[in-house]
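Residues per chain are reported as follows:
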Amino acid sequence: MNVIYLELRDMRLLTKAARCAVSHTEPGRRHFWGWLNAVFNKVDYERIKAIGPDRAAAEWLLRCGAKVRFQGFDRWHHDYNGLPTGPLGRYKIQAIDATESCIMYRGFDHLDGLTCVEEIKLNKCIYIEDTCLERLSSIENLQKSLYMMEVVSCGNVTDKGVIALHRLGNLEYLFLSDLPGIKDRQTTVDRLQTALPRLDIALDLD
């Protein structure tokens with residue numbers, strides 16, 4: 001717990017210092033926060049080995065402002081210091097809510113070892129783009145476990161990224177909303193449903 005506390009404290013100090021140090025110009029602020037968010041998404045492979053993929057992924061997601069729900073829990077965890085502790089591998093991530101988080105492609109290696117994720121929500125994620133959905137869809141564990149997904153208000157997602165979700169063989173429900181990058185809605189939906197006949201697609205793209 002001490003390591004987790006120090007890591008969270010250091011992030012808060014870094015954030016506070018950043019607000020003082022960053023240029024007052026809008027481009028300067030955007031550049032700095034982009035860099036900082038990239039730091040938050042960096043993958044520490046040694047830590048994954050030491051604490052297990054689910055714990056490491058939970059730390060990454062919470063560090064970036066997302067929430068997780070573990071098997072056996074009804075509530076969502078969003079506080080770094082509130083993550084459950086126990087033997088290696090005891091707690092498995094069942095659901096991810098990345099609403100308004102800063103997760104980005106470079107952090108997606110954290111997902112490789114997750115075997116029990118059933119639900120993922122990507123809502124207002126400014127760094128989510130087609131390559132993220134392609135990467136997510138290529139993960140064999142998620143192809144087997146994921147059955148519910150939402151992609152909402154992610155402005156960098158296009159038809160290409162959504163079509164890539166056809167590789168998630170057990171996906172049963174997909175909600176797509178406010179995605180201006182989708183230009184050929186009917187073709188995209190048809191390709192998904194051809195590949196995944198059981199998939200229920202809910203759309204709010206007007």
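Residues numbered from 1 in each chain as written. Predicted model: local features only at pLDDT ≥ 70, side-chain atom pairs only at ≥ 80, totals over all residues. Heavy atoms only, no water.

Visitor: Please explain the sheet that holds strand β3 (residues 119-123) as it appears in this structure.
Guide: Hydrogen bonds between backbone atoms are what pair the strands of a sheet, whose relative direction is either parallel or antiparallel. Read from one edge to the other, the open sheet built from 6 strands follows the order β1-β2-β3-β4-β5-β6, with strand pairing classed as mixed. With one partner strand each, in any of the chains shown, β1 (67-70) and β6 (200-204) form the two edges of the open sheet. Pairs of neighbouring strands in the sheet enclose a mean axial angle of 10°, with direction left out of account. Alignment of strand β4 (residues 148-152) against strand β5 (residues 173-177), held across 5 bridges, turns out to be parallel. In the sheet register, M148 faces β5, and the bridge partner there is Y173. Contacts from helix α8 (residues 185-195) reach β5 and β6 within the one sheet, and its direction differs from that of β6 by about 165°. (Pairing = 2+ DSSP bridges. Helix = DSSP H or I, 4+ residues; strand = E, 2+ residues; numbered from the N terminus. Axes fitted to C-alpha atoms, helices over the stretch in contact; angles between N-to-C directions. Contact = heavy atoms within 4.5 Å.)

Visitor: Explain the environment of E118 to me, please; I cannot follow it from the model alone.
Guide: Turning to its location among the elements, E118 is positioned in the loop between β2 (93-97) and β3. Residue class for E118 comes out partly exposed when judged on its relative accessible area of 24%. Distance from E118 to L142, taken between C-alpha atoms, is 8.0 Å for residues 24 residues apart in sequence. Those residues in contact with E118, other than ones at most four positions away along the chain, are Q94, S145, L146, Y147 and M148. (Buried < 20%, exposed > 50% of the residue type's maximum accessible area, 1.4 Å probe, protein only.)

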